[in-house]
Every structure is written in C-alpha cells, then in structure tokens.
Amino acid sequence: MRIATWNINGVKARIGALVDWLERESPDVVLLQEIKSVDEAFPRDTIEGLGYNVETHGQKGFNGVAILSKRPLEDVVRGLPGGEGDDQARWIEATVMGDSHAVRVCGLYLPNGNPVDFGADGAPQRTGKYGYKLDWMDRLAARAAALLAAEMPAVMAGDYNVIPQREDAARPAAWEKDALFLPESRAAFRRILNMGFTEAFRARVEGPGHYSFWDYQAGAWDKNDGIRIDHLLLTPQAADLMTDVGIMRDERGREKPSDHVPVWVDLAA
DNA sequence: ATGGCAGAGTGGCTCTGA
C-alpha cells in the first residue's frame, strides 16, 4: 500500500497536475494539504472518476486537507482534537483496510508559525502565529500518544512546516530565526518522534540534499535551494510494515507546479 | 551580488504562505 502526502497549494490551480500525477503514479492513499477550497467546490467527481474515494476538510481561501483512497475510507474524523475555537482546517484522519492490516491514516497541515515575535533578550515569544504553531504541536503530541496507545499501524503525514535538522536545508543559516527551524519547533517535532514514531524518510535515507519544498521566489528551484518539511511519521506497528520510501522531486520541475512535491511510503499492509 | 512568486478573494489590491 503506497501512502503519499502532497501539499498541492490550491486544488483549483493544481487540478491538471494532480490528475496527471494520480494517473501516472497511482498511489493507493493520498493525503493532500492546502486544498484552499471549501468542501462543495472540491473537484470530487474528477478524482472519483480516477477510482478514488474522497474525503475533504476544507475552508474558504486557504488551508484545507483531504484524503484520497482507492480503498474505502472508514471512521473519518475532521479536525485535530482539543481545538475549541480553532476553525482552521488542518487535520483529517480515516481508516483504510489493507489486504492484511487496517491502517489509520492522518493528514495534517501544521501551522507555519511566521512571523515570530522576539523579546528584548532575543528569545522567541510564544505569541501570535508562532504561539499557535507550538500550541497546535502540543495538541498533535496528544493525538500522537493516543495513536500509539492503540498499538495499530498508523501514519501521521503532511506538511509539518518543520526542518528537523541542518542537513534538511540547503542553506540552514538562512532559517535560523524562522519558525520552521527555531529550536522550539524542532524540539516539539523531536518530542513526538521520541514517543516512539519513526520518521519514514530518515529511517532509510541519510545525508544532505533531500528536500520537499522549494520557494517560488528567488530561483530557489534552479539553485536547488530547498528544505525538507513534508514528513511521514509511523507508529511502531506501521514502521514494521515499511518496505520503501521516497520523494518525488521531479514533480517540482513540471508545468505549473506546487512549491511542494509528494513524499511517500510503501507499507506491506 | 542580488532580486526574483503564487493562489484566493476581492475588486484593480490585500492577505497568506514558507
């Protein structure tokens, strides 16, 4: 079972690229972020015509997540628990029945967190968008703990907006004051890994030069000035089923691309 | 060396993102 995550930066703008990619790669499950669409405007019929079941959690203008799956999706939940008053559409989960295992798949679009307010002492303040990011990561850790306690194959995948290590950025120095790379963001990400999750890509590939995002600005793609911020985190039961992982880098070089590319994992499920 | 973008919603620009 191939499970892919992709921040498509607008489903309306990306429908051509999305259909082309689904036809070419035919992943079993796709977790989409930044659909930038309300549920009613999502091109459901087009995707269903390619043989996918579709579940969306959208909103007007920005954010929005979705799950596409060739197999039926069960027990769909929209919204990350613990977010009373949080109306941003950033989380959706469902269960997919594989040939041998049921897999809980969770799609997430973690808040960017910029701009960051720095105090007089130069320390980042837990306020505004950065505070929202860290609060959201606390809620994510709570959901992650519950998934671990269920002791079943589960995947939390999406745009984490976190650069885990220096090797995950072409120019790490440029990100040192950025919400994606501040120590608190990285610690919150590491805290989830330390609970017992396996970051699929780094379980199999080491070294620098592997990115999932290149900014549209400043010729970032041409210079390979990228960062790795799209991740798949696996429970131990899912990690035991992992057979392969990859980043579909070439998608960034196609016509009218998203600024992110798909990242995927194969599970023997 | 440096600057450079793109999408959505609204209305001809602002907000948002990373």
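Residues numbered from 1 in each chain as written. Chains lettered and ligands numbered in written order. Predicted model: local features only at pLDDT ≥ 70, side-chain atom pairs only at ≥ 80, totals over all residues. Heavy atoms only, no water.

- As annotated in an unreviewed UniProt entry, chain A carries the name Exodeoxyribonuclease III and comes from Roseivivax isoporae LMG 25204.
- The heading Sequence similarities (unreviewed entry) in the UniProt record of chain A holds the text "Belongs to the DNA repair enzymes AP/ExoA family." (UniProt positions renumbered as here; feature names shortened; annotations may be inferred.)

## Remarks on the sheet that holds strand β8 (residues 154-159)
And step 1. Strand order in the open sheet formed by six strands is β5-β6-β7-β8-β12-β9, with mixed pairing between adjacent strands. Both outer strands of the open sheet, β5 (73-78) and β9 (198-199), are each paired with one neighbouring strand and no more.
And step 2. Alignment of strand β7 (residues 102-109) against β8, held across six bridges, turns out to be parallel. When the sheet's bridge partners are listed, Val-105 is paired in β8 with Val-155.
And step 3. Of the strands in this sheet, β6 (91-97), β7 and β8 touch helix α3 (residues 128-149), which is tilted by about 180° from β7.
And step 4. On the sheet, helix α4 (residues 183-194) packs against β8, β9 and β12 (230-234) and is oriented at approximately 25° with respect to β12. (Pairing = 2+ DSSP bridges. Helix = DSSP H or I, 4+ residues; strand = E, 2+ residues; numbered from the N terminus. Contact = heavy atoms within 4.5 Å. Axes fitted to C-alpha atoms, helices over the stretch in contact; angles between N-to-C directions.)

## A short note on the nonpolar core
And step 1. In this structure, Ile-3, Val-155 and Leu-267 are the most contacted members of the largest nonpolar core, which totals 27 residues.
And step 2. Beyond its immediate stretch of four places on either side in the chain, Ile-3 contacts Val-29, Leu-31, Val-103, Val-105, Val-155, Leu-232, Val-263, Trp-264, Val-265 and Leu-267. (Core = buried A, V, L, I, M, F, W, Y, C linked by side-chain atoms within 4.5 Å. Buried < 20%, exposed > 50% of the residue type's maximum accessible area, 1.4 Å probe, protein only.)

## Overview of the UniProt feature "binding site: Mg(2+)" (unreviewed entry) in chain A
And step 1. UniProt tags Asn-7, Glu-34, Asp-159, Asn-161, Asp-259 and His-260 as "binding site: Mg(2+)" (unreviewed entry). What stands out for the annotated residues spanning 254 residues is how close their C-alpha atoms remain, the widest pair being 12.9 Å apart.
And step 2. When sequence neighbours within four positions are dropped, the list of residues in contact with Glu-34 reads Asn-7, Ile-8, Asn-9, Gly-10, Val-11, Asn-63, Gly-64 and Tyr-109.
And step 3. In this fold, Asp-259 is placed in the loop between β13 (242-247) and β14 (263-267).
And step 4. Contacts of Asp-259, omitting those with residues within four sequence positions, involve Asn-9, Ser-212, Phe-213, Trp-214, Tyr-216 and Arg-252.

## Observations regarding the sheet that holds β13
And step 1. Judged by pairing direction, the sheet is mixed, and its six strands sit side by side in the order β3-β4-β2-β1-β14-β13 without closing on themselves. Only two strands of the sheet have a single partner each, and these edge strands are β3 (53-57) and β13. Averaged over all adjacent pairs, the angle separating strand axes in this sheet is 15°, with direction ignored.
And step 2. Bridge analysis of β13 against β14 gives five bridges, and the strand direction is antiparallel. When the sheet's bridge partners are listed, Asp-244 is paired in β14 with Asp-266.
And step 3. Contacts from helix α1 (residues 11-25) reach β1 (2-7), β2 (29-33) and β4 (65-69), with the element oriented near 165° to β1.

## Points about the packing of aromatic side chains
And step 1. Applying the stated criterion across every chain yields a total of five aromatic pairs.
And step 2. Judged by centre distance (5.4 Å) and plane angle (80°), the ring pair of Tyr-160 and Phe-189 falls under edge-to-face. With Tyr-160 in the loop between β8 and α4 and Phe-189 in helix α4, this pair connects stretches of sequence that are 29 residues apart. Of the two residues, Tyr-160 and Phe-189, neither departs from the other in class, the shared state being buried.
And step 3. Centre to centre, the rings of Tyr-211 and Trp-214 are 6.4 Å apart; their planes meet at 80°, and the pair counts as edge-to-face.
And step 4. Residue classification places Trp-214 among the buried positions, given a relative accessible area of 0%.
And step 5. Pairwise contacts between aromatic rings join Tyr-211, Trp-214 and Trp-221 into one cluster.
And step 6. In this structure, Arg-2 packs its charged tip against the face of Trp-264, placed 3.6 Å from the ring centre. (Phe/Tyr/Trp six-rings, centres within 6.5 Å; stacked < 30°, edge-to-face > 60°. Lys NZ or Arg CZ within 6 Å of the ring centre and 35° of its normal.)

## Let's talk about the packing of α3 against α4
And step 1. At a closest axis distance of 10 Å, the pairing of α3 and α4 adopts a crossing angle of 5°. Considered as vectors, α3 and α4 are oriented roughly parallel to each other. Contacts between α3 and α4 pair Tyr-130, Lys-133, Leu-134, Met-137, Asp-138, Leu-140, Ala-141 and Ala-144 from the former with Glu-184, Ser-185, Ala-188, Phe-189, Arg-191 and Ile-192 from the latter.
And step 2. Its residues assigned to classes, the contact of α3 with α4 comprises nine nonpolar, one polar and four charged. (Parallel < 35°, antiparallel > 145°, perpendicular 65-115°, else oblique. Nonpolar A, V, L, I, M, F, W, Y, C, P; charged D, E, K, R; others polar.)

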